[in-house]
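Structural overview
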Amino acid sequence: MCYERAMSCSIDDILNSRGTGRTVLMGVLNMTPDSFSDGGKFLDPAAAIAQAEAMVSDGADIIDVGAESTQPGSDRVSADEQIQRLREILQAITQLDAHVSIDATSAKVAEFALDAGASIINDISAGRDDPEMFALAARRGTPLVLMHMLGEPKTMQESPEYEDVVAEVKAFLAKRIAAAVDAGVSRDRIIVDPGIGFGKLLEHNLALLGGVPELLDLSRPVLIGPSRKRFIGEIAGRSEPTDRIFGTIAACLAAWRGGATIFRVHDVGAVSDALAVAEAIAQAGKHVETA
Ligand code: HH2
């Protein structure tokens, strides 16, 4: 959702959201049997398309489609299997009034999605899984999300350690931006993400949500994906991911206050309302200051 609520954000709005107070909502659509909160729910194409439509009507600017779970301990899914899962829905969801991003670390999967009308690549490996990913983003001029992850999904939660998690994540993202730019990706097409829950303990997630202002030094929009994640359950005592909506809202608002502008969430309507109220209060405050 843009602050101008009547229409969805253009790609340029999304890429220039940093510092404008504009918020962008990315709705999660997992075509997987094993995702941690909605695994199996949207494997049926009709159910997936209905969910995408519902998220767009709730205010999603982007639908982030993935066909491989990245939850801790999850197994890899071949590119062909991912393409098989995506094939039936991409054509329908790319017709909706929202951008489609492809949540994939394989350039083959990403290219398939781009050919079907997706317009953003969300690579949680930040180009480390598949060296072709940067070349693809460069060739197609596609906006690219670079996310921090310590290790890989299979083992990332075993014993993540940092001395200064915010500084280390920031340094990692700076290096990945440089690598992408070296490979021909335009810097102004890059979005950064500290990777909430990807090789992080509770204290690391909290430090990163509070540390968004430092990530803004990278001069790129910051995307945050805390939705329904385990750290919220740890704090609020909620073992069911679907019971973590209120905690998700709190995490998004905290990151928004720090300057994050893109929010990857399952519960688009709830987060949209919360951000709209927070933005309205901030805007009203600005009017008072300037009066
Ligand atoms: N989190 C997940 C997947 N993709 N992409 C970005 N950029 N940032 C995130 O925080 C992020 C992401 C994990 O959440 P989900 O898709 O709900 O679960 P699963 O990986 O089990 O499918």
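All of these numbers come straight from a predicted model, not from anything done at the bench.

Side note on the packing of helix α2 (residues 45–57) against helix α3 (residues 79–93)
Closest axis-to-axis distance for the α2/α3 pair is 9 Å, and the angle between their directions is 30°. Relative to α3, the element α2 lies roughly parallel. As α2 runs across α3, the sense of the crossing is right-handed. Contacts from Pro45, Ala48, Ile49 and Ala52 in α2 reach Glu88, Ile89, Ala92 and Ile93 in α3. Looking at the contact of α2 with α3 residue by residue, the classes come out as 7 nonpolar, no polar and 1 charged.

With respect to the site of the ligand
Near the ligand there are 19 residues, and of these Ser35, Ser69, Thr70, Asp193 and Lys229 occur at the shortest range. One of the backbone N or O atoms of Gln71 is found 3.5 Å from an oxygen atom in the ligand. Contact distances for the ligand include 2.9 Å between an oxygen atom and a side-chain N or O atom of His266. Burial of the ligand by the protein amounts to 98% of the accessible area it has alone, namely 480 Å². Taken together, the elements giving at least two residues each to the shell around the ligand come down to β1 (24–30) and β5 (144–147). Each residue belonging to the shell around the ligand can be placed in one class, and the counts come to 7 nonpolar, 8 polar and 4 charged.

Thoughts on the sheet that holds strand β8 (residues 262–265)
Strands sit in the order β6-β5-β4-β3-β2-β1-β8-β7 across an open sheet of 8 strands; the sheet is parallel. Only two strands of the sheet have a single partner each, and these edge strands are β6 (190–193) and β7 (223–224). For strand β2 (residues 62–66) and strand β3 (residues 99–103), the ladder comprises 5 bridges, and the chain directions are parallel. Looking at β3, one finds that Ile63 is bridged to Val100.

So, the packing of helix α4 (residues 107–115) against helix α5 (residues 132–140)
Look at α4 against α5: their axes get within 9 Å of each other, and the N-to-C directions meet at 25°. As the angle between them shows, α4 and α5 are arranged roughly parallel. Counted together, Ala107, Ala110, Glu111, Leu114 and Asp115 of α4 and Glu132, Met133, Leu136, Arg139 and Arg140 of α5 form the full contact between these two elements. Its residues assigned to classes, the contact of α4 with α5 comprises 5 nonpolar, no polar and 5 charged.

Focus on helix α10 (residues 245–258)
For α10, built from 14 residues, the straight-helix expectation of 20 Å at 1.5 Å per residue is met to within 8% by its first-to-last C-alpha distance of 20 Å. Taken together, the buried positions of α10 are Thr248, Ile249, Ala251, Cys252, Ala255, Trp256 and Gly258. In the segment just after α10, Gly259 is the residue with positive phi, at about 115°.

Some thoughts on the layout of surface pockets
In this structure, the largest pocket encloses a volume near 580 Å³. In terms of lining residues, the largest pocket is bounded by 35 residues, among which Phe36, Gln71, Pro72, Phe198 and Lys229 are the most central. Listed by contribution, the elements that provide at least two residues to the lining of the largest pocket are α7 (202–210) and α9 (230–236). Residue contributions to the lining of the largest pocket peak at 3 residues, all from α9. Partitioned by chemical class, the residues of the lining of the largest pocket number 12 nonpolar, 14 polar and 9 charged.

Overview of the pairing of β1
For β1, the buried fraction is high: 7 of the 7 residues fall into the buried class. The alternating pattern of β1 places Val24, Met26, Val28 and Asn30 and Leu25, Gly27 and Leu29 on opposite faces, both of which are buried. Relative to β8, β1 is paired through 4 bridges, and the arrangement is parallel. In the sheet register, Val24 faces β8, and the bridge partner there is Ile262. A crossover connection joins β1 to the parallel β2 through α2; in handedness this β-α-β unit is right-handed.

Remarks on unusual backbone geometry
Non-glycine residue Ser219 carries a positive phi angle of around 60°. Mapped onto the fold, Ser219 is located in the loop between α8 (212–215) and β7. One non-glycine residue, Arg228, adopts positive backbone phi at about 60°. With respect to the helices and strands, the residue Arg228 is situated in the loop between β7 and α9.

So, the side chain of Ser106
Within the element layout of this structure, Ser106 appears in the loop between β3 and α4. Looking at Ser106, its side chain comes within polar contact range of the main-chain nitrogen of Val109, at 3.1 Å. Once residues lying within four places of it in the same chain are set aside, the contact partners of Ser106 are Ala79, Asp130 and Met133.

Some remarks on the environment of Cys252
Take Cys252: it is sitting in helix α10. Once you skip the residues sitting within four places of it in the chain, Cys252 turns out to touch Pro226, Phe263, Val265 and Val271.

Cut-off values and rules
Residues numbered from 1 in each chain as written. Predicted model: local features only at pLDDT ≥ 70, side-chain atom pairs only at ≥ 80, totals over all residues. Heavy atoms only, no water. Axes fitted to C-alpha atoms, helices over the stretch in contact; angles between N-to-C directions. Helix = DSSP H or I, 4+ residues; strand = E, 2+ residues; numbered from the N terminus. Parallel < 35°, antiparallel > 145°, perpendicular 65-115°, else oblique. Left-handed = near helix turned anticlockwise from the far one by under 90°. Contact = heavy atoms within 4.5 Å. Nonpolar A, V, L, I, M, F, W, Y, C, P; charged D, E, K, R; others polar. Near = heavy atom within 4 Å. Polar contact = N/O pair within 3.5 Å; in protein donor to acceptor, adjacent residues only side chain to side chain. Areas by Shrake-Rupley, 256 points an atom, 1.4 Å probe, with all protein chains shown as cover. Pairing = 2+ DSSP bridges. Expected span 1.5 Å × (residues − 1). Buried < 20%, exposed > 50% of the residue type's maximum accessible area, 1.4 Å probe, protein only. 1 Å grid on protein atoms, 1.4 Å probe; cavity = no way out; pocket = protein on both sides within 12 Å on 5 of 7 lines; lining within 4 Å. Points joined across faces, edges and corners; volume = space filled by probe spheres on them. Right-handed = clockwise from strand over helix to strand, strands pointing away.

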